[in-house]
Amino acid sequence: MSSDEDRRIGRARVRDNPELMAYYDELAKLEAGALWTVANEIEPWYPQPKSVPVLWRYEELRPLVQRALPLVQADDAGRRVVMLVNPGRRELSAAVGLLYTGLQIMGPGEAMTAHRHQAAALRFVHEGTGAWTVVDGQKLRVGPRDFAITPNNTWHEHGNEADDAPVIWQDGLDIPLVNALDAGFYEVHPELYQRPGAVVNSSLLSYGANLLPYGVEKWTRPYSPLLGWPWEPSYQALCALARASEGSPFDGVIMEYTNPVTGGPVMPTMGAHLQLLRPGQATAAHRHTGSVVYTAAKGRGVSVIAGRRFAWQQGDIFCVPSWAWHEHENLDRSEDACLFSFNDFPVMRSLGLYREEAHTDGGAHQPVLP
Ligand code: 1HN
């Protein structure tokens, strides 16, 4: 297949005429249609995401997130969140693909009520030291750059027990996916608040050190029994891997947050990574199916996504739509840079839809648009 004309052979290329138009009208009256009128659109040669690459600057969003604190009561809003909306996905409230993300603010001493839903959630803390969450009766404390999960259908409520500063954390949810599948359910906790067990961080105490509790009932739920991954040991793990390995040509030194029982992703629908770019490192470009939301966790750099340059610094959030070429560069010559990210790869992999490709046309880097 060389020219566009050749590529049309074997594909729909029926020209309209009055008889056909009348025929289409007849079909429409019966809630039916002719496949060949839409075939090329619904079966593209390769993914055609409606999402576009976007960078959300934390410095710009932060004052607006802070303004929500006095503007709305947590009780009235349910959750006080500024969501990040992809211009191509407004009708789904998605940040990219079928992934949602937003910045949630909780004032000193605030506590949100408990609920559960069919959508899975995850958190990445941007600022504030007083954050806690109770997930199915387990209280977990999280600090800046910690990662935590709220698997689907688990009761959850959170708050901020600091008495001085607000907490701002980033939520990531698969709501657009769950809604696309018409599978959403939502319940408010019958008592509005859970009664957490006495032991704080019990999942970390039980599963946080690369050993599994032995001789007790095996964990059989489809998500990680470990619910939190503090920043410091996660960053140290990356630094250790950087000493032992070159890493990936496309992602630098990258690790996946894993379910310690399976070694797989933390939840069935969303995975998460932490990656380190060495001082001055520029990765090669690749593309894959699946959408990714990135958060700059440390340092500053630039990512080229679908030919456009996005400069980021700590706290900034950006997205890579499915099948978009992307590559990252650490702009600092002496310090490493880190990117946290979450994705829908577990969905793509479990459905047999994951594909990946290195950029080789004209070199390892993609052309940058003017
Ligand atoms: C939700 O339950 C939370 O529990 C945050 O903090 C953001 C966005 C959409 C739907 C549910 C939370 C959410 C959400």
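Looking at an unreviewed UniProt entry, one finds the protein named Cupin domain-containing protein, with Kitasatospora nipponensis as its source organism.

Summing up its helical and strand segments, the protein has 9 helices and 22 strands in all. Against the compact-globule benchmark of 21 Å for 370 residues, the protein has a radius of gyration of 23 Å, which places it among compact chains. Counting only C-alpha atoms, the protein reaches 75 × 55 × 50 Å along its principal axes. Within the protein, contacts between residues separated by at least 24 positions form 75% of all contacts whose residues are at least 6 apart in sequence. Element-wise, carbon and sulfur atoms account for 53% of the exposed surface of the protein, whose accessible area totals about 19100 Å². Averaging the locations of the 32 positively and 43 negatively charged side chains of the protein gives two centres separated by 2 Å.

The next subject is the packing of aromatic side chains. The description of an aromatic ring pair rests on the distance of the ring centres and on the angle between the ring planes. Going through the model one piece at a time under the given rule, you end up with 14 aromatic pairs. For the pair Tyr23 and Tyr24, a centre-to-centre distance of 6.1 Å together with 50° between the ring planes defines the contact as tilted. Taking relative accessible area as the criterion, Tyr23 reaches 39% and is therefore assigned partly exposed. Classification of Tyr24 as buried rests on a relative accessible area of 15%. Aromatic pair Tyr24 and Trp36: ring centres 6.3 Å apart, planes at 55°, arrangement tilted.

Helix length check: helix α8 (residues 231-244) (14 residues) gives 20 Å between terminal C-alpha atoms against 20 Å at 1.5 Å per residue, within 8%. Here α8 has its buried residues at Trp231, Ser234, Tyr235, Leu238 and Ala242. Projected down its long axis, α8 carries its buried residues within an arc of 95°, all on one side. Opposite the packed face of α8, turned more than 90 degrees from it, sit the exposed residues Pro233, Arg243 and Ala244. The inward-facing, buried residues of α8 abut β12 (228-229), β13 (253-256), β14 (271-277), β16 (292-298) and β21 (337-343).

Estimates place the volume of the largest pocket at around 770 Å³. The wall of the largest pocket is formed by 29 residues, among which Pro47, Thr289, Gly290, Ser322 and Met348 lie closest to the centre. Elements represented by at least two residues in the lining of the largest pocket include exactly α6 (175-180) and α9 (345-350). Broken down by class, the residue content of the lining of the largest pocket amounts to 15 nonpolar, 7 polar and 7 charged. Roughly 520 Å³ of internal volume is contained in the second largest pocket. Along its surface, the second largest pocket is lined by 22 residues, and Asn210, Leu226, Trp229, Ala237 and Thr258 are the ones closest to its centre. Elements with a minimum of two residues in the lining of the second largest pocket: α7 (202-207), β12, α8 and β13. Considering each element in turn, the lining of the second largest pocket owes the most residues, 4 residues, to α8. Residues of the lining of the second largest pocket, tallied by class, amount to 15 nonpolar, 6 polar and 1 charged.

Across the 5 residues that make up strand β6 (residues 131-135), a large majority, 5, are buried. By the alternation rule, side chains of β6 split into Ala131, Thr133 and Val135 and Trp132 and Val134, which are all buried. Where β6 folds back onto strand β7 (residues 138-142) in an antiparallel hairpin, the turn is made up of 2 residues, including Asp136, whose phi is positive at roughly 45°. Bridging between β6 and strand β9 (residues 156-160) involves 5 bridges; their strand directions are antiparallel. Among the inter-strand pairings, Val134 is bridged to a residue of β9, identified as Glu157.

This part takes up the pattern of salt bridges. Any two side chains of opposite charge can pair, so long as their charged atoms come close to each other. Applying the stated criterion across every chain yields a total of 13 salt bridges. Among the salt bridges present, the one from Lys298 reaches Asp336, with a minimum N-O distance of 2.5 Å. In this pair, Lys298 is assigned in strand β16 and Asp336 in the loop between β20 (326-330) and β21, connecting sequence segments 38 residues apart. As far as the burial class goes, Lys298 and Asp336 line up, both buried.

Inspection of the region around the ligand gives Arg79, Tyr100, Gln104, His115, His117, Arg123, His156, His158, Asp171, Leu173 and Ile175 as its neighbouring residues. Measuring from an oxygen atom of the ligand, one finds a side-chain N or O atom of Gln104 at 3.0 Å. Between His117 and the ligand, the recorded distance is 2.8 Å, taken from a side-chain N or O atom to an oxygen atom. Here the ligand has 330 Å² of accessible area as a free molecule, and 85% of this is covered by the chains. Partitioning the shell around the ligand into residue classes produces 3 nonpolar, 5 polar and 3 charged.

Note that Tyr23 resides in helix α2 (residues 18-29). Along the sequence, Tyr23 and Val266 sit 243 residues apart, while their C-alpha atoms lie 51 Å from each other.

This part covers helix α4 (residues 58-71). Under the 1.5 Å per step criterion, the end-to-end length of α4 is 20 Å for 14 residues, consistent within 8% with the ideal 20 Å. Along α4, the residues that are buried comprise Tyr58, Leu61, Val65 and Ala68. Along the long axis of α4, the arc covered by the buried residues comes to 75°, so they all point the same way. Facing away from the buried side of α4 by over 90 degrees, the exposed positions are Glu59, Glu60, Arg67, Pro70 and Leu71. Residues of α4 that are buried sit in contact with β1 (55-56), β2 (81-84), β3 (100-106), β5 (121-127) and β10 (167-173).

Conventions we followed
Residues numbered from 1 in each chain as written. Predicted model: local features only at pLDDT ≥ 70, side-chain atom pairs only at ≥ 80, totals over all residues. Heavy atoms only, no water. Helix = DSSP H or I, 4+ residues; strand = E, 2+ residues; numbered from the N terminus. Rg over C-alpha atoms; globule rule 2.2 N^0.38 Å. Contact = heavy atoms within 4.5 Å. Areas by Shrake-Rupley, 256 points an atom, 1.4 Å probe, with all protein chains shown as cover. Lys, Arg positive; Asp, Glu negative; His and termini not counted. Charge placed at Lys NZ, Arg CZ, Asp CG, Glu CD. Phe/Tyr/Trp six-rings, centres within 6.5 Å; stacked < 30°, edge-to-face > 60°. Buried < 20%, exposed > 50% of the residue type's maximum accessible area, 1.4 Å probe, protein only. Expected span 1.5 Å × (residues − 1). Arc of directions from axis to C-beta. 1 Å grid on protein atoms, 1.4 Å probe; cavity = no way out; pocket = protein on both sides within 12 Å on 5 of 7 lines; lining within 4 Å. Points joined across faces, edges and corners; volume = space filled by probe spheres on them. Nonpolar A, V, L, I, M, F, W, Y, C, P; charged D, E, K, R; others polar. Pairing = 2+ DSSP bridges. Salt bridge = Lys/Arg side-chain N within 4 Å of Asp/Glu carboxyl O. Near = heavy atom within 4 Å. Polar contact = N/O pair within 3.5 Å; in protein donor to acceptor, adjacent residues only side chain to side chain.

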